[in-house]
Amino acid sequence: MNEVAREYWNSFWKDKEYEPKVSAWQFGEDADTLAQLVVNRIKTATCSAHILYEIENEPLPQVGEYNIILNTKDEPVCIIKTKDVTIKPMNRISEEFAHAEGEGDRSYDYWKKTHINFFTNELDKVGLKFEEDLLLVCERFEVMDVK
């Protein structure tokens, strides 16, 4: 976590007794647009490829965790809290979840097309091939603070 994000986090928690673990990161390929969708409370969900957590030896997200969402300049824009985490094959994602991701026209077709492209590229970087039943880590979150 960079210094600006750490200062934002410390300011957010200044009068509270409990300071949980926090991570700071950017969303996918269009971090500024996706961060703004979160700030506007249009984007309330996100997903990642489960296999990438394994490859990168990263822990899966947990309910109750906090995250600082960064823009492309690595500046914090908001703090979110994870409300729900499930693991599902991509071809079993619901229209409602696609809508909650808040991207494009919020349709399932838009979600599917853009996520196939995104995951195909991401998996290609690590020498893997995309398949429609790719396991996804699906998160739902709420905005706790906007910078």
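Placed above this text is the structure.
Bear in mind the structure is a predicted one, so any value in this text is a computation, not a measurement.

(A) Representation of helix 5 (residues 108-125). With 18 residues, helix 5 extends 26 Å from end C-alpha to end C-alpha; this agrees with the ideal 26 Å at 1.5 Å per step. Those residues of helix 5 hidden inside the fold are in contact with strand 2 (45-49), helix 3 (50-55), helix 4 (95-100) and strand 5 (135-146).

(B) The arrangement of the sheet that holds strand 1 (residues 22-25) in detail. Read across the sheet, five strands follow the order 1-3-4-5-2 without closing on themselves; strand pairing throughout is mixed. Each edge of the open sheet carries a strand with a single partner, namely strand 1 and strand 2. Sheet twist, expressed as the mean angle between neighbouring strand axes with direction ignored, is 35°. In terms of strand pairing, strand 2 meets strand 5 through five bridges, oriented antiparallel. Across the sheet, T46 pairs through a bridge with E139, a residue of strand 5. In the packing of helix 1 (residues 3-12) onto the sheet, the strands contacted are strand 1, strand 3 (66-70), strand 4 (76-89) and strand 5, and the crossing angle to strand 4 comes to about 90°. Packing of helix 2 (residues 31-39) onto the sheet brings it into contact with strand 3, strand 4 and strand 5, and relative to strand 4 it is tilted by some 90°.

What counts and what doesn't
- Residue positions are given per chain, counted from 1 along the sequence in the order it is written.
- Only residues with pLDDT of at least 70 get local features here, since the model is predicted, and only at 80 or more are side-chain atom pairs given and counted; chain-wide, interface and lining totals rely on the full set of residues.
- Only hydrogens and water are set aside when side-chain values are computed; all heavy atoms of the structure are taken into account.
- Numbering of helices and strands starts at the N terminus; helices are DSSP runs of H or I of at least 4 residues and strands are runs of E of at least 2.
- Multiplying 1.5 Å by the residue count of a helix minus one yields the expected span of that helix.
- Two residues form a contact once any of their heavy atoms are found within 4.5 Å.
- Any two strands are treated as partners once DSSP identifies two or more bridges connecting them.
- Structural elements are reduced to axes, namely lines fitted to C-alpha atoms, with helices fitted over the stretch in contact, and the angle between N-to-C directions of any two is expressed from 0 to 180 degrees.

Shape descriptors only; they carry no functional weight alone.
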